[in-house]
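Structure at a glance
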Amino acid sequence: MILDYLATPEIWASFLTLSLLEIVLGIDNLVFLSVITEKLPPDQAKKARRIGLAGALIMRIALLLMLSWIIGLTAPILTIYDFIFSWRDLILGAGGLFLLYKGTREIHAVVEGEEEHGSEKMALGMAAAIIQIMILDAVFSLDSVITAVGMTTELPVMVAAVVFAILVMLFAAEPVAAFISRHPTTKMLALSFLLLVGVALVADGMHFHIPRGYLYFAIAFSLLVEGLNLAAMRRRTRLRAEGKKQS
């Protein structure tokens, strides 16, 4: 029975499509993890990222096992003039506002130099980092699970795709965090990306869907430009070093 299930091409097509979609949706979560844990000591940062991803996995599987409850979250609960809100709308909107607040605060800290001049004041505790990660895990997990429900009706496929996506994020978390730490300018891009995602979540909560493809294209283009800037900077540094040796 299981072999027949695994031998069905439609099952594998659903798994691959949903896995790719879950990985793309997980980029938001991964960037947030890297930014939040950057101020922690390296050993605590690594531990916090793993706890955050483990929490995301547990939360998403738990939500998948409560599909009837998830479907109920889309039922109207509040009407304000012509706007009809559900629990999903309120959760996504609140998560988007939190991302806007967090991204704006972090950008302010970078621009004003509070990270260097007020490290004790700006230091983030392990518990506080995990709490913030779990809050956003809940928001991203809800969005992820609703997407999964819309893609397939096979619960094992949903769970397998979510587990696979989290494992990919687990392996990618350290390189992404290290890259952001080595290149401060990319942190500003990451924070700007969080602001974009925050706006998209608030818009979703207001029933105005912004295709995620636009957001990912914007950040991909920005990363391409930043990559060219970094390459040009390394070249200038190498040329200056060679000039000093010759002189």
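Residues numbered from 1 in each chain as written. Predicted model: local features only at pLDDT ≥ 70, side-chain atom pairs only at ≥ 80, totals over all residues. Heavy atoms only, no water.

Rules: UniProt positions are given in the numbering used here, feature names are shortened, and annotations may be inferred rather than shown by experiment.
An unreviewed UniProt entry annotates the protein chain as Membrane protein of Iodidimonas muriae. Turning to the protein chain, the UniProt record has this under Subcellular location (unreviewed entry): "Membrane".

Quick look at the UniProt feature "transmembrane region" (unreviewed entry) in the protein chain
Put simply, the rule reads: A run of H or I in DSSP becomes a helix once it reaches four residues, and a run of E becomes a strand once it reaches two; helices and strands are each numbered from the N terminus.
Feature annotation in UniProt places "transmembrane region" (unreviewed entry) on residues 12-36, 57-78, 84-101, 122-142, 157-181, 188-208 and 214-232, given in this structure's numbering. Along residues 84-101, the helical share is 83% and the strand share 17%, with 25 Å between the first and last C-alpha atoms.

Examining the nonpolar core
A general trend in soluble globular proteins is that nonpolar side chains are found buried together. Condition: Only buried residues count toward a nonpolar core, which is a set of Ala, Val, Leu, Ile, Met, Phe, Trp, Tyr and Cys residues joined through side-chain atoms within 4.5 Å. Remark: exposure states derive from per-residue accessible area (1.4 Å probe, protein chains only) relative to the maximum for the residue type, with buried under 20%, exposed over 50%, and partly exposed in between. Between two residues, a contact is recorded if the distance between any of their heavy atoms is within 4.5 Å.
Counting residues in each nonpolar core, the largest one holds 44 residues, and the members touching the most others are Phe32, Leu99, Leu136, Leu194 and Leu201. Broken down by element, this core gets its largest block of residues, nine residues, from helix H2 (residues 9-37). The contacts of Leu99, once residues within four sequence positions are left out, are Phe32, Leu136, Phe140, Leu194, Leu195, Val197, Gly198 and Leu201.

Some words on the environment of Ala203
Mapping Ala203 onto the fold places it in helix H10 (residues 184-205). Separated by 114 residues in the primary sequence, Ala203 and Asp89 place their C-alpha atoms 9.2 Å from one another. When neighbours within four sequence positions are excluded, Ala203 is seen to be in contact with Phe208 and Ile210.

Notes on the pairing of strand S2 (residues 83-86)
Which entries qualify depends on this criterion: Any two strands with at least two DSSP-identified bridges between them are counted as paired.
Alignment of strand S1 (residues 76-80) against S2, held across four bridges, turns out to be antiparallel. Each bridged residue has a counterpart across the sheet, and for Leu78 the counterpart in S2 is Phe85.

Points about the side chain of Ser86
Within the secondary structure, Ser86 sits in strand S2. Not counting chain neighbours up to four residues away, the residues in contact with Ser86 comprise Leu73, Thr74, Ala75, Pro76 and Ile77.

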